[in-house]
Amino acid sequence: MKQFFASALAFVAVQAVDPNCTISLSDDEDSTVSVYYDAAADQVVFDANIKDGSFAGFGWGASMQDTEMVIFSANGDSSALETYYGIGTVTPELDHDMLECYDWSVTNNGDKVNFLARRSLECDVHDKTGGSYVVQLDTELDLISSWNPNKSTLSYHGKHKIEFKQTFKSDGTCAGVANKDDAIFSNDLTNWMLSQFGQLIQ
């Protein structure tokens, strides 16, 4: 994992983001996560604008079972990208090794924190199952997202969770469901929420 700071001019979003690649994580669009393919670099780019004091998560899979997860933890100058591994309806496990898959930067903009991160389509770091998620272009993928507008670390997120289908096209655009209002609420995420009711992940 290589972390870049806001002053690193080489680490920037290189193209205009197709609106279909962006998920709004609140009714007033306080937080958004855009994910798209950068053909020039042959990488997936994350461009996340997260309300300070909150977190947003993105999962490479249809549920929290055997799923690599990226967490954008917006906490002022301590903001960071973290990687977890979902193991079902119990608390996801912190997976430090998978951080090596991501180059990322963070910029604190007062009430918002911007994260820029890049990941190869196939990472040579092994996750807890001995492999890593391979991003297939021009193919409909099952994905998940969750967020907590009131806590910056991975935690019980109430109703703030979705599962959705998305296609990352080789031209950098997206197709599928990126709007949370059209997405399907996940039973697996709901079950995990119930198992964690009244608790916060420490």
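Data block above holds the structure.
Residues numbered from 1 in each chain as written. Predicted model: local features only at pLDDT ≥ 70, side-chain atom pairs only at ≥ 80, totals over all residues. Heavy atoms only, no water.

Undergrad: Could you clarify how one ought to interpret empty space enclosed by the protein in this entry?
TA: Remark: the empty space left among the atoms is shown by a probe the size of a water molecule rolled over them. In the structure shown here, the tally under the stated rule is 1 cavity of 30 Å³ or more. The volume enclosed by the largest cavity comes to roughly 40 Å³. Forming the boundary of the largest cavity are Cys 21, Ile 23, Val 33, Val 35, Phe 58, Leu 143, Phe 164, Gln 166 and Phe 168. Counting only elements with at least two residues in the lining of the largest cavity, the list comes to strand S3 (32–38) and strand S12 (161–168). Residue contributions to the lining of the largest cavity peak at 3 residues, all from S12. Broken down by class, the residue content of the lining of the largest cavity amounts to 8 nonpolar, 1 polar and no charged. (1 Å grid on protein atoms, 1.4 Å probe; cavity = no way out; pocket = protein on both sides within 12 Å on 5 of 7 lines; lining within 4 Å. Points joined across faces, edges and corners; volume = space filled by probe spheres on them. Helix = DSSP H or I, 4+ residues; strand = E, 2+ residues; numbered from the N terminus. Nonpolar A, V, L, I, M, F, W, Y, C, P; charged D, E, K, R; others polar.)

Undergrad: Would you explain the pairing of strand S5 (residues 55–60) in this entry?
TA: The side chains of a regular strand alternate, first on one face of the sheet and then on the other. Taking burial as the measure, the 6 residues of S5 include 6 buried ones, the bulk of the element. Direction of pairing for S5 relative to strand S6 (residues 65–73): antiparallel, over a ladder of 6 bridges. In the sheet register, Phe 58 faces S6, and the bridge partner there is Val 70. Linking S5 to S6, which pair antiparallel, is a turn of 4 residues. Bridge analysis of S5 against strand S11 (residues 140–148) gives 5 bridges, and the strand direction is antiparallel. Considered in S11, the bridge of Ala 56 is made with Trp 147. (Buried < 20%, exposed > 50% of the residue type's maximum accessible area, 1.4 Å probe, protein only. Pairing = 2+ DSSP bridges.)

By themselves these figures say nothing about function.
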